[in-house]
Amino acid sequence: MRTMQFLFSTKFYLFFVCTICAGILLLYPVPAIEAVREAMRLCWDTIIPSLFPFLVISSLLTDLLPQRTLHRYLSPLTQPLFHLSGSSAAVLVLGFTGGYPVGVRTTTALYRNGSLRRSEAEHLLAFSNNSGPGFLLGVVGIGVFESTAVGLWLYVIHVVSALLVGFFFRFHKNNAPISSTPIQYQKDSKNFTNMFTEAITTSFFAILNICAFVFFFMIVLRMLSFTGILHLFSSFLAFLLAPFGMTEHLATALIAGILELSTGSSCLHGIAFTPGTVALASFLLGWGGFSVHCQSLTFILETDLSCKPYFIGKLLQGLFSCALSFLLFTILL
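Here goes a summary of the coordinates provided. Quantities reported herein were computed from a predicted structural model and do not represent experimental measurements.

Reading the values: the criteria
Residues numbered from 1 in each chain as written. Predicted model: local features only at pLDDT ≥ 70, side-chain atom pairs only at ≥ 80, totals over all residues. Heavy atoms only, no water. Helix = DSSP H or I, 4+ residues; strand = E, 2+ residues; numbered from the N terminus. Buried < 20%, exposed > 50% of the residue type's maximum accessible area, 1.4 Å probe, protein only. Contact = heavy atoms within 4.5 Å. Areas by Shrake-Rupley, 256 points an atom, 1.4 Å probe, with all protein chains shown as cover. Patch = residues over 30% accessible without salt bridge, like charges linked within 9 Å, V, L, I, M, F, W, Y side chains within 5 Å. Salt bridge = Lys/Arg side-chain N within 4 Å of Asp/Glu carboxyl O. Axes fitted to C-alpha atoms, helices over the stretch in contact; angles between N-to-C directions. Left-handed = near helix turned anticlockwise from the far one by under 90°. Phe/Tyr/Trp six-rings, centres within 6.5 Å; stacked < 30°, edge-to-face > 60°.

1. Structural notes on the overall build of the chain
No. 1: Along its length, the chain carries 16 helices and zero strands.
No. 2: Out of the 333 residues in the chain, the part that is buried amounts to 47%.
No. 3: Long-range contacts, defined as pairs at least 24 residues apart, comprise 77% of the intrachain contacts of the chain with a sequence gap of at least 6.
No. 4: For the chain, the computed accessible surface area is about 16,900 Å², with 72% contributed by carbon and sulfur atoms.

Have a look at this one:
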């Protein structure tokens, strides 16, 4: 009886898939090795230098944040717009400038030290985790579309779409207006030396986790490409969305970007500059990719916060970004 239950369980299918993947890796190790080398170059050249400083600074700012001052002076702005206290303003600034996953990390840190209520933290998770301006301007604007202006417009749309998600989440049934009862902030006895060393070490281990997920999803994409599965999915998606101008190349970029943002962006290199292609890139930036989501989950799962608002928010941001980009560049072009 237990054997039959196992055979029809999700665990069995996952075991079956993992067994096939292990067999492919044993028979064809070279593509996986090449994928890891490519992921290492991506991490060494882009992710570590652009993200590590922001992780350290965000950790220090979280510990040094003048919580009561922010709550007092910024709540009149954040409360009517988002139903959030003034402490959320620091999360938004870091989330819009630091890149993935700084927004999630700062949100969970403030929730753990008592600066944010649970409803506020889950609300922030929906729209505070965003791509940094460096990636948008450099990798997408210049690298894909060869235009700083396009990258700047995409960043503006990225920010606006995130703020729209935050505004719409204020109507969520579990997101009541902030009560007049003040938050009981926890006293932190750590001195700056402890804060600094902790910021360096925790950021270092966070970078290792982030790079590990980049390695994994790069291998997954290379295996999907090597086995022909990616081509099969891309052809099917291109056939379904052909009336909207979807080609197999764009479908490949979409599938790759849904899994890993940097790889999806690189697949868009050299494509024609149209409202549709810009909208596709904007969707991928708003969605972020499962690699980014797994990086974010490493911080969320350390708390009792729900992951549902985060995933709903990222999907909405991707759709908002896609629609706004298509409308804007249709007008401009």
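2. Some details on helix H5 (residues 88–98)
An α-helical segment advances 3.6 residues per turn. Residues three or four places apart therefore align on the same side.
No. 1: Burial runs high along H5: nine of the eleven residues are buried.
No. 2: Ser88, Ala89, Ala90, Val91, Leu92, Leu94, Gly95, Phe96 and Gly98 are the residues of H5 that are buried.
No. 3: Looking one or two residues beyond H5, the residue adopting positive phi is Gly99, at roughly 85°.

3. Re a nonpolar patch on the surface
No. 1: Residues Leu152, Trp153, Val156, Val160 and Leu332 make up a contiguous nonpolar surface patch of about 430 Å² in total accessible area.
No. 2: Here the nonpolar patch takes four residues from helix H9 (residues 148–169), the largest share from any one element.
No. 3: Tracing the sequence through the fold places Val160 in helix H9.
No. 4: Note on Val160: relative accessible area 36%, which makes it partly exposed.

4. Brief notes about the packing of helix H11 (residues 229–240) against helix H12 (residues 248–259)
No. 1: At a minimum axis distance of 8 Å, the contact between H11 and H12 shows a crossing angle of 115°. Between H11 and H12 lies a crossing whose hand is right-handed. Of the residues in H12, those in contact with Leu230, His231, Phe233, Ser234, Ser235, Leu237 and Ala238 of H11 are Glu248, Ala251, Thr252, Leu254 and Ile255.

5. Describing the packing of aromatic side chains
No. 1: For the structure shown, the criterion picks out nine aromatic pairs.
No. 2: On the numbers, 5.2 Å between centres and 40° between planes, the contact of Phe82 with Phe127 is tilted. Pair noted here: Phe82 is in helix H4 (residues 67–82) and Phe127 is in the loop between helix H7 (118–125) and helix H8 (133–142), with a separation of 45 residues, a long-range link. Like Phe82, the residue Phe127 is buried in the burial classification.

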